[in-house]
Amino acid sequence: MLNVPSSSFILTPYVAKIACEPGWKWQKREQPLQNYDLFYVWSGEGSLMLNDEPHEIGKGSCFLFRPGDHTSATHNPQKPLVLTYIHFNVEAAAYEIPDAYRVLNETVDFEYLLSRYVRVFLSDAYAAEEEAKLLLKQMMIHLLRGDREEPSERRGSNHLYEVVHEAANYVRQHPSLAHRVEDLAARAGLSPRYFSAKFKELIGASVQSYIIRMRIERAQHLLGHAGMNVTEVAEALGYRDIFFFSRQFKQYTGKSPSEIR
């Protein structure tokens, strides 16, 4: 639904976060769904049938039912479901629609959006409808991104992903420091060898190559926008040899620093 502007979402009054009663069940209707239904499980255990396909559901189970779907569900009365449902329509043609089902492992951001949507929708605050539509668009983007990203087992654990990217961001924010692999690895809580391997896998460049690239990108900005000359930029970024700086700059950009300046 990336092609659909938030103004094209049509909100319906069928929205809530509920704790299901022990005897709750969702009976299959004779008529299929008439609109979209975002269905998210906060906790509990159950099973759900979507177009005769069974799904065992629990925390993080997230469905996007579409018009024409047939659905039914039951749950474990000892572990009743707590769920949010949001019915809506789209008046424009949608070409990218999130998958029908996924289990979210990282739930904090999505649950915030869900909670915010329900609060905003039920309020009469100024511009509540406009904000609700924007939140709904954000949720669709969140689901689409998750549907299209590589599985976490291919990119490493979430913790590993985070600590490596944090180290990369640290280099980006401090390009003038004399970064060493050993120091960055210690910052991530990893051995230098393992850190280097995972850095290249997740960032797409070796640690040393990334450090140089961040310096050169910062040098380009300083030369083009900060009114600094080549010598001043080289010194600011920790280069003691201006000729070495110039060679490295040209190697990465194809131009000499003086051409940028």
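In the block above lies the structure referred to throughout.
Every value quoted in this text rests on a predicted model; they were computed, and no experiment measured them. (Residues numbered from 1 in each chain as written. Predicted model: local features only at pLDDT ≥ 70, side-chain atom pairs only at ≥ 80, totals over all residues. Heavy atoms only, no water.)

Caption draft 1: Spotlight on the overall build of the chain. For the chain, the count of helices and strands is 10 helices and 9 strands. Taken over C-alpha atoms, the radius of gyration comes to 25 Å for the chain, far larger than the 18 Å a tight globule of 261 residues would show. Principal-axis analysis of the C-alpha atoms places the extent of the chain at approximately 80 × 40 × 30 Å. Residue burial in the chain is summarised as follows: out of 261 residues, 41% are buried. The long-range share in the chain, meaning contacts at least 24 apart out of those at least 6 apart in sequence, stands at 72%. Across the chain, the mean location of the 30 positive side-chain charges is 7 Å away from that of the 32 negative side-chain charges. (Helix = DSSP H or I, 4+ residues; strand = E, 2+ residues; numbered from the N terminus. Rg over C-alpha atoms; globule rule 2.2 N^0.38 Å. Buried < 20%, exposed > 50% of the residue type's maximum accessible area, 1.4 Å probe, protein only. Contact = heavy atoms within 4.5 Å. Lys, Arg positive; Asp, Glu negative; His and termini not counted. Charge placed at Lys NZ, Arg CZ, Asp CG, Glu CD.)

Caption draft 2: Highlighting the nonpolar core. Core analysis: the largest hydrophobic core is formed by 29 residues, its most contacted members being Met1, Leu38, Phe88, Met139 and Met140. Elements with a minimum of two residues in this core: β1 (9-19), β3 (36-43), β6 (61-65), β8 (82-90), α1 (108-121) and α2 (128-148). When residues of this core are assigned to their parent elements, the largest contribution, 7 residues, is made by α2. The next biggest cluster of nonpolar side chains, apart from the first, holds 16 residues, and it includes Val163, Leu184, Ala185 and Phe195. (Core = buried A, V, L, I, M, F, W, Y, C linked by side-chain atoms within 4.5 Å.)

Caption draft 3: Representation of the sheet that holds strand β5 (residues 53-57) in the model. Ordered in space as β2-β7-β4-β5, the 4 strands form an open sheet in which the pairing is antiparallel. A strand with exactly one partner marks an edge of an open sheet, and here the two such strands are β2 (25-26) and β5. Where strand β4 (residues 46-50) meets strand β7 (residues 71-75), 5 bridges bridge the pair, whose relative direction is antiparallel. Looking at β7, one finds that Leu48 is bridged to Ala73. (Pairing = 2+ DSSP bridges.)

Caption draft 4: A look at the packing of aromatic side chains. Enumeration over the complete set of coordinates arrives at 16 aromatic pairs. Ring geometry for Tyr40 against Trp42: centres 5.6 Å apart, planes inclined by 85°, an arrangement best described as edge-to-face. Judged on exposure class, the residue Tyr40 and its partner Trp42 are both buried. When the ring of Phe63 is compared with that of Phe65, the centres are 5.3 Å apart and the planes differ by 25°; the resulting orientation is stacked. Here Phe63 and Phe65 have matching classes, each one buried. Directly above the ring of Tyr170 sits Arg187, whose terminal nitrogen or CZ lies 3.8 Å from the centroid. (Phe/Tyr/Trp six-rings, centres within 6.5 Å; stacked < 30°, edge-to-face > 60°. Lys NZ or Arg CZ within 6 Å of the ring centre and 35° of its normal.)

Caption draft 5: Here's a closer look at the packing of α1 against α2. It is the contact of α1 with α2, at a shortest axis distance of 9 Å, that shows an interaxial angle of 155°. On the basis of their axis angle, the class for α1 and α2 is roughly antiparallel. You can see that α1 and α2 cross each other, and the crossing is left-handed. Contacts from Asp109, Phe110, Leu113, Leu114, Arg116, Tyr117 and Val120 in α1 reach Ala128, Glu131, Ala132, Leu135, Leu136, Gln138, Met139, His142 and Leu143 in α2. (Axes fitted to C-alpha atoms, helices over the stretch in contact; angles between N-to-C directions. Parallel < 35°, antiparallel > 145°, perpendicular 65-115°, else oblique. Left-handed = near helix turned anticlockwise from the far one by under 90°.)

Caption draft 6: The arrangement of the side chain of Ser8 in detail. Locating Ser8 in the fold gives a position in the segment before β1. Taking the relative accessible area as the measure of exposure, Ser8 reaches 8% and is therefore buried.

Caption draft 7: Up close: helix α9 (residues 242-253). The end-to-end C-alpha distance of α9 is 16 Å, a good match for the 16 Å that 12 residues give at a rise of 1.5 Å each. Every buried residue of α9 is listed here: Phe245, Gln248 and Phe249. In an axial view of α9, the angular spread of the buried residues amounts to 105°, which keeps them on one side of the axis. For α9, the exposed residues set more than 90 degrees away from the buried face come down to Phe243, Arg247 and Gln251. Structurally, α9 contributes buried residues whose contacts are with α7 (207-225), α8 (230-236) and α10 (257-260). (Expected span 1.5 Å × (residues − 1). Arc of directions from axis to C-beta.)

Caption draft 8: Representation of the pattern of salt bridges within the structure. Counted under the stated rule, the structure contains 12 salt bridges. Lys28 is the partner of Asp52 in a salt bridge, and the nearest nitrogen-oxygen pair spans 3.6 Å. One end of the pair, Asp52, is in the loop between β4 and β5; the other, Lys28, is in the loop between β2 and β3, and 24 residues separate them in sequence. Two residues, Glu131 and Arg116, come together in a salt bridge whose shortest N-O distance is 2.9 Å. Of the two residues, Glu131 is situated in helix α2 and Arg116 in helix α1; the sequence distance between them amounts to 15 residues. On the basis of relative accessibility, which here comes to 26%, the residue Arg116 falls in the partly exposed class. Salt bridges linked by common partners bring Arg172, Arg213 and Glu217 together as one network. (Salt bridge = Lys/Arg side-chain N within 4 Å of Asp/Glu carboxyl O.)

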